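Next come the chains, spelled out residue by residue.
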Amino acid sequence: AFWPARILAILALAIWPLSLALPSAAHELVPVEPARSKAQNLFGKFFTAVADHMHSEDPDYPLPDESLRTTQWTPLCRLDTLPVPKPARQAELDRSDPKQSPRAQVHVFQDGDAPTVIWSKTLATEHPYDRHFYGLGYRLVDRPRVLIIGPGGGNDVETALHYQAASVTAVDINGDTLALVQGRFKDFTGDIYGRPGVRAVHSEGRSFLRREGGEYDLLQMSGTDTYAALSSGSYIFSESYLYTVEAFTDFFEHMADDGVISVIRFRFDPPRETLKLVATAATALKLRGIEDPSRHFIVVNQ
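Residues numbered from 1 in each chain as written. Predicted model: local features only at pLDDT ≥ 70, side-chain atom pairs only at ≥ 80, totals over all residues. Heavy atoms only, no water.

Under the criterion given, the structure shown has 10 aromatic pairs. On the numbers, 5.7 Å between centres and 75° between planes, the contact of Phe185 with Phe188 is edge-to-face. Here Phe185 falls in the buried class, since its relative accessible area comes to 0%. By relative accessible area, which is 13% here, Phe188 ends up buried. A centroid spacing of 6.2 Å and a plane angle of 50° characterise the contact between Phe248 and Phe252, whose relative ring orientation is tilted. With Phe248 and Phe252 both in helix H11 (residues 245–253), this residue pair falls 4 residues apart, about one helical turn. (Phe/Tyr/Trp six-rings, centres within 6.5 Å; stacked < 30°, edge-to-face > 60°. Buried < 20%, exposed > 50% of the residue type's maximum accessible area, 1.4 Å probe, protein only. Helix = DSSP H or I, 4+ residues; strand = E, 2+ residues; numbered from the N terminus.)

Turning our attention to the sheet that holds strand E7 (residues 198–202). Spatially, E7-E6-E5-E8-E9 is the arrangement adopted by the 5 strands of the open sheet, whose pairing is parallel. Strands with a single pairing partner mark the edges of an open sheet, and in this sheet they are E7 and strand E9 (255–264). Neighbouring strand axes in the sheet, compared pairwise and without regard to direction, differ in orientation by 15° on average. Across 3 bridges, strand E5 (residues 145–149) lies against strand E8 (residues 216–222) in parallel orientation. In the sheet register, Leu147 faces E8, and the bridge partner there is Leu219. Lying on the sheet, helix H6 (residues 155–162) is in contact with E5, strand E6 (167–172), E7 and E8; it crosses E6 at an angle near 170°. (Pairing = 2+ DSSP bridges. Axes fitted to C-alpha atoms, helices over the stretch in contact; angles between N-to-C directions. Contact = heavy atoms within 4.5 Å.)

With the exception of glycine, the majority of residues adopt a negative phi angle, and the majority of peptide bonds are in the trans configuration. In this structure, the amide linkage connecting Ser101 to the following residue, Pro102, adopts the cis form with an omega of 5°. Counting through the fold element by element, Pro102 comes out in the loop between helix H4 (88–96) and strand E3 (105–110). If you check the backbone angles, Arg143 has positive phi at about 45° while not being a glycine. Here Arg143 shows up in the loop between helix H5 (121–125) and E5.

The 4 strands are arranged E1-E2-E3-E4 in an open sheet whose pairing can be described as antiparallel. Every other strand in the sheet has two partners, leaving strand E1 (70–73) and strand E4 (113–119) as the edge strands with one partner each. When strand polarity is set aside, the average angle formed by the axes of neighbouring strands in this sheet is 20°. Sheet topology note: the E1/strand E2 (residues 78–83) ladder contains 4 bridges and is antiparallel. Its bridge partner being in E2, Gln72 is matched across the sheet by Leu79. Across the face of the sheet, helix H7 (residues 175–182) comes into contact with E1, E2, E3 and E4 while running at roughly 40° to E2.

So, about the confidence of the model for the protein. Averaged over every residue, the pLDDT of the protein is 87; the share at 70 or more is 86%. The model gives residues 228–239 a pLDDT under 50, and that stretch makes 15 contacts with residues more than four places away or in other chains. (pLDDT = per-residue confidence, 0-100.)

A word on the packing of helix H9 (residues 205–212) against H11. At their nearest, the axes of H9 and H11 sit 10 Å apart, and the two run at 40° to each other. What the angle tells us is that H9 and H11 run oblique. As H9 packs across H11, the resulting crossing turns out to be left-handed. On H11, the residues that touch Arg206, Leu209 and Arg210 of H9 are Glu246, Ala247, Asp250 and Phe251. Of the residues assigned to the contact of H9 with H11, the class counts are 3 nonpolar, no polar and 4 charged. (Parallel < 35°, antiparallel > 145°, perpendicular 65-115°, else oblique. Left-handed = near helix turned anticlockwise from the far one by under 90°. Nonpolar A, V, L, I, M, F, W, Y, C, P; charged D, E, K, R; others polar.)

If you want it as structure tokens, here you go:
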């Protein structure tokens, strides 16, 4: 076993500097498939089954665009994009109105988990925002100055623009995800991060607020804790410090008097993440002299 091990070590030393110089080619150099338990593997099998079924029912049904499938190794994680099969209605609209196609979305995975979504420009334009909880905070403010922490693929930005936000500042700790949307998927999204009034920033949310300040009418955090760092055993880039008393103290310092903080968390039964979030934010409110924090919360379950 000595010589095979030595040969593998020599190959690893040869490939390592090449992968640093050409990170986009790392997957071709050393193809690594996600584990069966990873969301990417599970979603991929499900998407394939759905697309095959739709195509068997309708021979004209378009299979997912393979050009939207990419793999990229970055210093933070591996990013994979996976096209999502279109509902029959969207496929029909693409056929009848090809100038506005594609009506499509792509899932982005970090180390095989923690999916975020990239919408095509037309899909975003036609999205039923008023029926989705992502836009609930905008019912309470008018033309807000918006801060989005963890925008990912950009659908929170699309939501803010739909509700005519006065400005949108999108701060993401993962600069490689921002670069993916700004580069490879720029035309696909209609340059979501290059739209008038939109500013994309590669930074940690609290660090950005403390560094640049500013006042906002709405702060949106939609599942910014990806769990990717936890699942890999690395806490270096964990975003959990966005959910502390000190974090909410920072947030309150930069909100307008009638400002709204809208946070989307995963639902569990019995509830635990939502309970902890409310208790944490309530503690921060009490520290600011609010005697009855319950008058400042709306909890919505979907």
